[in-house]
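# Remarks on the overall topology
Given next are the chains, with one letter for each unit.
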Amino acid sequence: MEPLTNWAGNITFGARQVLRPRTLDEAREQIAAATKLRVLGSGHSFNHLADTDGDLLSLAGLPRTVEIAPDRATVRVDGGIRYGDLAARLHAEGLALHNMASLPHISVAGAVATATHGSGVGNGNLATAVAGVEIVRADGELVTLTRGDADFPGSVAALGALGAVVALTLDVQPAFELRQYVYETLPATSVRANLPLILADGYSVSLFTRWTGIDVDQVWLKRREPMTGPEFHGATLADGPRHPVPGMPAENCTQQGGVPGPWHERLPHFRMEFTPSSGEELQSEWHVPLSRANDALDAVAQIRERVADVLQVSEIRTIAADDLWLSPNYQRDSLALHFTWIADTEAVLPVVADVEKVLAPLDPRPHLGKIFTSAPELPRVADFTALAGRFDPTGKFRNDFLDRLLG
Ligand SMILES: Cc1cc2nc3c(=O)[nH]c(=O)nc-3n(C[C@H](O)[C@H](O)[C@H](O)COP(=O)(O)OP(=O)(O)OC[C@H]3O[C@@H](n4cnc5c(N)ncnc54)[C@H](O)[C@@H]3O)c2cc1C
């Protein structure tokens, strides 16, 4: 077998083989028969979370399922579908998801497993849209949990530790339009004085900075209403399309300039038609309480030269609180500080540790699909470990990464 890597190429999986079932029954048999197994989504995580020295199971070959409920409030999808494909199908039916991540190529089940998020003070992470989850346990049994079940908050953002998610039911809403605007050079004085206002001035707001100076390089606003002027808290409307990394070509980015368009062609930063097979980058991200947003910016600014040295760009986003046990947003409205690093693990890791050190007083929670070095305290880890023990008594779905994380 060719060595199999994640999307970024920084992880080579240690699996003996990749199982690719074409039906649910085949998946159940393969899971029951395996001694060690991890489910692989679209491989967009940056660490050993999906790795195993047993078998990898890919659900990409399951029959594509997009079943809209008669009341049009939910959709049931299979465990291998990607957001971009689902979004196009939903939009054609006049429906929408509440939010999307920066890239539409990521699998829904994989994104939900790590509580992947977009931005917006009123928007929970993507796992909060889950109303039901169908999991094949270690013994091959199919278990369905729905919102309201006692174990449900532990079974959604579950890191693949409970079993293979073969289907998900997601909340949907009527399709809506958004306009995307990019403003450049937001002065530090405005950031400090008006951060809560700035972050709330759109359905989804992202700030991009390279930590090289005192300013935010770009503000990306995704809004239902048009903007009224060329100025935003001292930042200036871009005179053409922009890439989040200043100077990079913008043709792969979703349409800007305030042109109204469907939700799924504005919420991600990158277009679905552009398919990056691998990426020259690494990523880390930490979530801190939104109420400490300025403290978090001050903390990273203390080491801005160290960070800037190995950084492509940072993105600052917001996420509404939820009740999912392993979610970084568990019971706390959050500010997420994201770092797209250069593709040099050796150079990046010491800086990751430095960022963790300066953020430590703010109780940071890492994105569990990205690079971190600390041993994070997960909100409801004891409850989760007990739940995982019931679904997987022999530790079939465990790996070293989960052993370190869950104890
Ligand atoms: C270019 C890029 C952009 C990104 N943008 C964002 C962003 O905007 N916001 C954000 O929060 N994150 C972002 N991420 C991180 C990414 O969303 C997460 O790492 C996500 O978990 C990746 O999903 P995946 O399908 O690739 O999962 P994988 O990396 O393949 O697996 C991740 C975890 O999900 C589990 N899993 C996958 N499928 C299943 C299944 N069917 N059943 C059970 N467990 C399963 C795996 O076992 C593993 O534990 C980005 C990553 C990249 C590379």
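Whatever comes next refers back to the structure up there.
Residues numbered from 1 in each chain as written. Predicted model: local features only at pLDDT ≥ 70, side-chain atom pairs only at ≥ 80, totals over all residues. Heavy atoms only, no water.

## Focus on the site of the ligand
With respect to spatial proximity, 36 residues lie near the ligand, and among them V39, H44, S45, S107 and T114 are the closest. S107 has a polar side-chain atom sitting 2.6 Å from an oxygen atom of the ligand. At 2.8 Å from an oxygen atom of the ligand is found a main-chain nitrogen or oxygen belonging to G110. A total of 960 Å² of accessible area belongs to the ligand in isolation, and the protein chains cover 98% of it. The set of elements that each furnish at least two residues to the shell around the ligand consists of β2 (37–40), α3 (108–113) and β9 (164–171). Along the lines of polarity and charge, the residues of the shell around the ligand split into 16 nonpolar, 17 polar and three charged. (Near = heavy atom within 4 Å. Polar contact = N/O pair within 3.5 Å; in protein donor to acceptor, adjacent residues only side chain to side chain. Areas by Shrake-Rupley, 256 points an atom, 1.4 Å probe, with all protein chains shown as cover. Helix = DSSP H or I, 4+ residues; strand = E, 2+ residues; numbered from the N terminus. Nonpolar A, V, L, I, M, F, W, Y, C, P; charged D, E, K, R; others polar.)

## Thoughts on the sheet that holds strand β3 (residues 55–58)
Taken in spatial order, the three strands make up an open sheet running β1-β3-β2, and their pairing is parallel. In this open sheet, the two edge strands, each paired with only one partner strand, are β1 (17–19) and β2. Here the strands of the sheet are splayed against their neighbours by 30° on average, with no regard to which way each runs. (Pairing = 2+ DSSP bridges. Axes fitted to C-alpha atoms, helices over the stretch in contact; angles between N-to-C directions.)

## Looking at the nonpolar core
Counting residues in each nonpolar core, the largest one holds 111 residues, and the members touching the most others are L168, L207, V307, L337, F339 and W341. In terms of residue count, the dominant contributor to this core is helix α8 (residues 345–359) (six residues). Filtering out sequence-adjacent residues up to four positions away, L207 remains in contact with L186, L195, I198, L199, V216, Q218, V219, S314, E315 and I316. Ranked by size, the runner-up nonpolar core spans 13 residues in total, among them A27, I31, A34 and L62. (Core = buried A, V, L, I, M, F, W, Y, C linked by side-chain atoms within 4.5 Å. Buried < 20%, exposed > 50% of the residue type's maximum accessible area, 1.4 Å probe, protein only. Contact = heavy atoms within 4.5 Å.)

## Topic: the pairing of strand β18 (residues 311–319)
Where a strand is regular, its side chains alternate between the two sheet faces. Taking burial as the measure, the nine residues of β18 include eight buried ones, the bulk of the element. With three bridges joining them, strand β12 (residues 204–209) and β18 adopt antiparallel strand pairing. Residue F208 lies in a different strand from β18, and its bridge partner there is E315. Two strands pair when backbone bridges link them, and β18 and strand β19 (residues 334–341) are joined in this way by eight bridges, in the antiparallel orientation.

## Some words on the pairing of β19
Counting buried positions along β19 gives eight out of eight residues, so the element sits mostly inside the fold. By the alternation rule, side chains of β19 split into S334, A336, H338 and T340 and L335, L337, F339 and W341, which are all buried. Here eight bridges tie strand β17 (residues 282–289) to β19, and the two strands are oriented antiparallel to one another. Bridging across to β19, W286 finds its partner in L337.

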